[in-house]
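# What the coordinates show
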Amino acid sequence: MKLGELFDAKSNGLNSIRLIMAVGVIFYHSFPITGAVLTWGPIHQLLGQIFVDAFFAISGFLIVGSWVRRPQVIEYLLARVLRIMPAYYVCLLVTGFIFVPIYLLLTQGSWTFWLSDSAEYIRSNIALWQNQYNIGDTLGDVPYPNVWNGSLWTLAWEFLCYAGVLVLGVTRLLNKRICLALFFACLATSCIVSFTDVSHFWLNNGSRFGLMFLAGALIYFYRNHISATRTTLTAASTVVLGSMFLPDYRIIAALPLAYACIAMGAFLKHPVFRLRNDISYGVYIYAFPIQQLLAVTGFYVAGVLPFAIVAMVITICFATGSWFAIEKPANNLRRRISKRRASPSLV
C-alpha cells in the first residue's frame, strides 16, 4: 500500500505523534534545567534535536498539503496566524505576569518592582523573534539561569517556513521539482556547516529547519509513490537511529525521519490515537517556564526522571487550558471567517 492510500486526513495519529514529540522536548530540557549533562554525542543529538525536527517535518507535510488543497492567501495567512500567535501572546503574558510573581514570592516573599521588567520582556518578544530571554534579575539562582523560555525561539523559524510556502504558492512554484531543489540546497548547506569551520546563526538554523520542513513537503508530494509498510517504517527508524553517530544526523536521515513520523501517524488509526484536541503546541510553549519554576523550588535535586514526570503533568494541565481557552476558540474563529468568505453575497 502507498502512503497516500494509507494516510487519512480525518483519521490519523499525527496529533499523538506531535504530543509525544512535545513531551520528548520536556524530557530533554530536564537535563540542563536540573544541571545534568549529556556527554555522549549520539544520545545528545537524539534527545536534543529529533523531537523539534519531527515537528517541522510534520508541519511541512500538513502545511504544504493545506495550500495545495486550498490555495487561498487570506485563509492561509489567517489559519497560520491564529494557530500560533494568540496562544503565543498569552504565554508571554502568563510568563511575565503570573510566573514571575510566583518566582518572586518563592524567592523573596514579595513581587515588588517586577511590572516594568515583565512588560519589557513581552515588548521585546512581541514579533515572535526571541530578543530577550530573561526578565529583570530573575532566575539567577537555578542550574540553567536567566532563561524563562528556551523553546519559543523555534517558532519564528516555523513561521518563516509558512511564509516560504505562501511565496512559492502565490508564484506557482510550489511543486515537486522546486521543493526537491530547495531540499538539496539545504542539504548541501548542512554538509558545509557540519564538515567545515563555516558556522552562522542563519546558515545553521536555516539549513536545519528548512531541511526538515522540506522533507515533510516532499513526503507529501511523493506520498502516492512511497510504500507504507511496517518493514519500511522499521527501516526508516533504523536509519534515523544509526545516523545519530554523524555530526549532523539530518544529512542522511531527514527524509527517513519525516517518513517515519508521517507513516506512524498514518498507521495509528485506532480512536485512542486520534486526538481531536491538539495540546502539543501548548505543551511545547509552556513546558520550559514551568520547568524553571519547578527548579526554583529545589525539586531539581530529585533527578532528571522525577523532575521530567512532574513537569509533564503540570505542563499538560496548562496546555489543556491553552487549547480550550485560546487555541480552539481561535481555530473556530478562523472557520467562521472562512465560511463567511465562502458564502455568496445576498446583495
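Details of the structure are given in the entry above.
Residues numbered from 1 in each chain as written. Predicted model: local features only at pLDDT ≥ 70, side-chain atom pairs only at ≥ 80, totals over all residues. Heavy atoms only, no water.

## A few points about the pattern of salt bridges
Two side chains that carry opposite charge are able to pair once their charged atoms sit near each other. Rule in force here: Basic side-chain nitrogens of Lys or Arg form a salt bridge, by our definition, when they fall within 4 Å of a carboxyl oxygen of Asp or Glu. Helix and strand assignments follow DSSP, with helices taken as H or I runs no shorter than four residues and strands as E runs no shorter than two, numbered in order from the N terminus. Partly exposed residues are those whose accessible area sits between 20% and 50% of the maximum for their type, while under 20% is buried and over 50% is exposed, using a 1.4 Å probe and protein chains only.
Using the criterion set out here, one finds eight salt bridges in the structure. Ionic pairing is found between Glu120 and Arg123, a salt bridge with its closest N-O pair at 2.7 Å. Here Arg123 and Glu120 lie together in helix α5 (residues 115-124), a separation of three residues that amounts to about one turn. Glu120 gets classed as partly exposed once you look at its relative accessible area, which sits at 33%. If you follow the salt bridges from partner to partner, you end up with Arg18, Arg83, Asp278 and Glu327 in one network.

## Some thoughts on a positive patch on the surface
Going by this rule: Within the patch definition used here, like charges are joined within 9 Å and nonpolar side chains (Val, Leu, Ile, Met, Phe, Trp, Tyr) within 5 Å, considering only residues with over 30% relative accessible area and no salt bridge. Computed with a 1.4 Å probe, the accessible areas rest on the Shrake-Rupley method; for each residue, only the protein chains presented here act as cover. Residues scored as positive are Lys and Arg, those scored as negative are Asp and Glu, and His as well as the terminal groups of each chain are ignored. Note that the charge is assigned to NZ on lysines, CZ on arginines, CG on aspartates and CD on glutamates.
Together, Arg276, Lys328, Arg335 and Lys339 give the surface a local cluster of positive charge. If you trace the backbone, Arg335 turns up in helix α12 (residues 304-342). A relative accessible area of 45% means that Arg335 is categorised as partly exposed.

## A look at helix α11 (residues 280-296)
Put simply, the rule is: The length a helix should cover is 1.5 Å for every residue beyond the first. Bend at a given residue is defined as the angle between two axes, one fitted to the seven residues that end at that position and one fitted to the seven that begin there.
Across its 17 residues, α11 extends 25 Å between first and last C-alpha, which sits within 8% of the 24 Å expected from 1.5 Å per residue. In the structure, α11 departs most strongly from a straight axis at Ala287, where the bend amounts to approximately 40 degrees and where the proline Pro289 lies between one and four residues downstream. Most of α11 is tucked away: 17 of the 17 residues are buried. Where α11 terminates, the next one or two residues include Gly298, which has phi positive at roughly 90 degrees.

## As for a nonpolar patch on the surface
On the surface, Leu93, Phe97, Ile98, Ile102, Leu106 and Leu115 cluster together into a nonpolar patch covering about 520 Å² of accessible area. By residue number, the principal contributor to the nonpolar patch is helix α4 (residues 73-108), which donates five residues. Along the polypeptide, Phe97 turns up in helix α4.

## Topic: the side chain of Glu327
Where we set the bar: We call two N or O atoms a polar contact when they sit within 3.5 Å, provided that within protein one can donate a hydrogen and the other can accept it, with sequence-adjacent residues counted only if both atoms are side-chain atoms.
Along the chain, Glu327 turns up in helix α12. We classify Glu327 as buried; its relative accessible area is 5%. There is a polar contact of 2.9 Å between the side chain of Glu327 and the side chain of Arg83.

## Examining the packing of aromatic side chains
Test applied: In this scheme Phe, Tyr and Trp rings, the latter by its six-membered ring, pair at centre separations within 6.5 Å, and the angle between planes marks the pair as stacked below 30 degrees, edge-to-face above 60, and tilted otherwise. When the NZ atom of lysine or the CZ atom of arginine is within 6 Å of a ring's centre and also within 35 degrees of its normal, the charge is said to sit over that ring.
If you walk through the whole model with that rule in mind, you get 23 aromatic pairs. Note on Tyr103 and Trp148: the rings are 6.1 Å apart at their centroids and 85 degrees apart in plane angle, and the pair reads as edge-to-face. Taken together, the residues Tyr103 in helix α4 and Trp148 in the loop between α5 and α6 (153-170) connect sequence positions 45 residues apart. Summarising the burial analysis for this pair, Tyr103 and Trp148 share the class buried. Ring pairing ties together the aromatic residues Phe56, Trp129, Trp153, Trp157, Phe201, Trp202 and Phe209, which thus form one cluster. The residue whose ring lies beneath Arg80 is Tyr162, and the NZ or CZ to ring-centre distance is 5.6 Å. The ring of Tyr222 has Lys176 lying over it, and the distance from NZ or CZ to the ring centre is 5.1 Å.

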